[in-house]
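Summary of structural features
Chain residues, written in single-letter form:
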Amino acid sequence: MKKSLKIIGIVVIIIAIIFIGAWIWFSGFKEDRAETLVKMNEIKEAYPSFNKAVDDFSNLRNQFYEYKENLYLETLRDNAEAWNTFMKTYEESIQKVEDSAKNLKKNCDIEYGDVGASTKCTTFKANYEAAMNYYISDVNLYNQMVDDYDKYNSENGGTFAKVNKAEYVVYKDYIDYDEDGECFGKEEVSADEK
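Calculation notes
- Residues numbered from 1 in each chain as written.
- Predicted model: local features only at pLDDT ≥ 70, side-chain atom pairs only at ≥ 80, totals over all residues.
- Heavy atoms only, no water.
- Helix = DSSP H or I, 4+ residues; strand = E, 2+ residues; numbered from the N terminus.
- Expected span 1.5 Å × (residues − 1).
- Buried < 20%, exposed > 50% of the residue type's maximum accessible area, 1.4 Å probe, protein only.
- pLDDT = per-residue confidence, 0-100.
- Contact = heavy atoms within 4.5 Å.
- Core = buried A, V, L, I, M, F, W, Y, C linked by side-chain atoms within 4.5 Å.
- Axes fitted to C-alpha atoms, helices over the stretch in contact; angles between N-to-C directions.
- Parallel < 35°, antiparallel > 145°, perpendicular 65-115°, else oblique.
- Left-handed = near helix turned anticlockwise from the far one by under 90°.
- Nonpolar A, V, L, I, M, F, W, Y, C, P; charged D, E, K, R; others polar.

A rise of 1.5 Å per residue sets the reference length of helix 3 (residues 80–100), with its 21 residues, at 30 Å; its end C-alpha atoms lie 30 Å apart and thus fit the reference within 8%. Inspection of helix 3 places A80, W83, N84, F86, M87, Y90, E91, S93, I94, V97, E98 and S100 among the buried residues, and these make up the whole buried set.

Shown next as structure tokens:
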């Protein structure tokens, strides 16, 4: 009789341990699911403002390339203030992209089973990388032209207006944000293409 009571006691303890373990696992699973849903909602809420910031940046970039068609030392000399203002606006635009990406950068570091959140994260990573690398390429090109202008200005006695170099607002070097082995958006533009 004592032996059967011991066996029953051991079975009851094992069953209790199994139930407690299952309850802890289920509670953790529920908590994890709730946190994941919050992250997915943050992604869905943050993506439209990021997308708008990238579109605004893209429009300014198109303007930059329209203006670049006539970017010569003489146009820098004659339109120095306009170029300084435009490049300041361009810097602010890439900063807006960075600011609007904060929640996406924080929440897109894992894979989601939800197609909507997963697609937004994939698109975010590609667009973020491209925008940052395009900006770096444009700043490199512009600053090279400003260096040439500064030399031209000093050769002429420094009588012309000062043209400011563009700032590297977020990154100074090309990035591979989505870690796919290539820096999407990296465009090496030579001064001859000006």
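When the pLDDT values of the protein chain are averaged, the result is 86; 94% of them are 70 or greater. Long-range and interchain partners of residues 190–194, a stretch whose pLDDT sits below 50, account for 10 contacts in this model, where long-range means more than four residues apart.

If you look at the biggest cluster of nonpolar residues, it comprises 40 residues, and the most contacted ones within it are F50, V97 and Y142. Of all the secondary-structure elements, those providing two or more residues to this core are helix 1 (2–68), helix 3 and helix 5 (115–155). It is helix 5 that contributes the most residues to this core, 14 residues altogether. Those residues in contact with F50 that lie beyond four places of it in its chain are V97, S100, A101, L104, F124, N127 and Y128.

Running from N to C, helix 3 and helix 5 cross one another at 160°; their axes reach a closest spacing of 10 Å. Overall, the two elements helix 3 and helix 5 adopt an arrangement that is roughly antiparallel. Crossing handedness for the pair helix 3 and helix 5: left-handed. Each of W83, N84, M87, Y90, E91, I94, V97 and E98 in helix 3 lies in contact with helix 5, whose residues at this interface are Y128, A131, M132, Y135, D138 and Y142. For the contact of helix 3 with helix 5, the class distribution of residues is 10 nonpolar, one polar and three charged.

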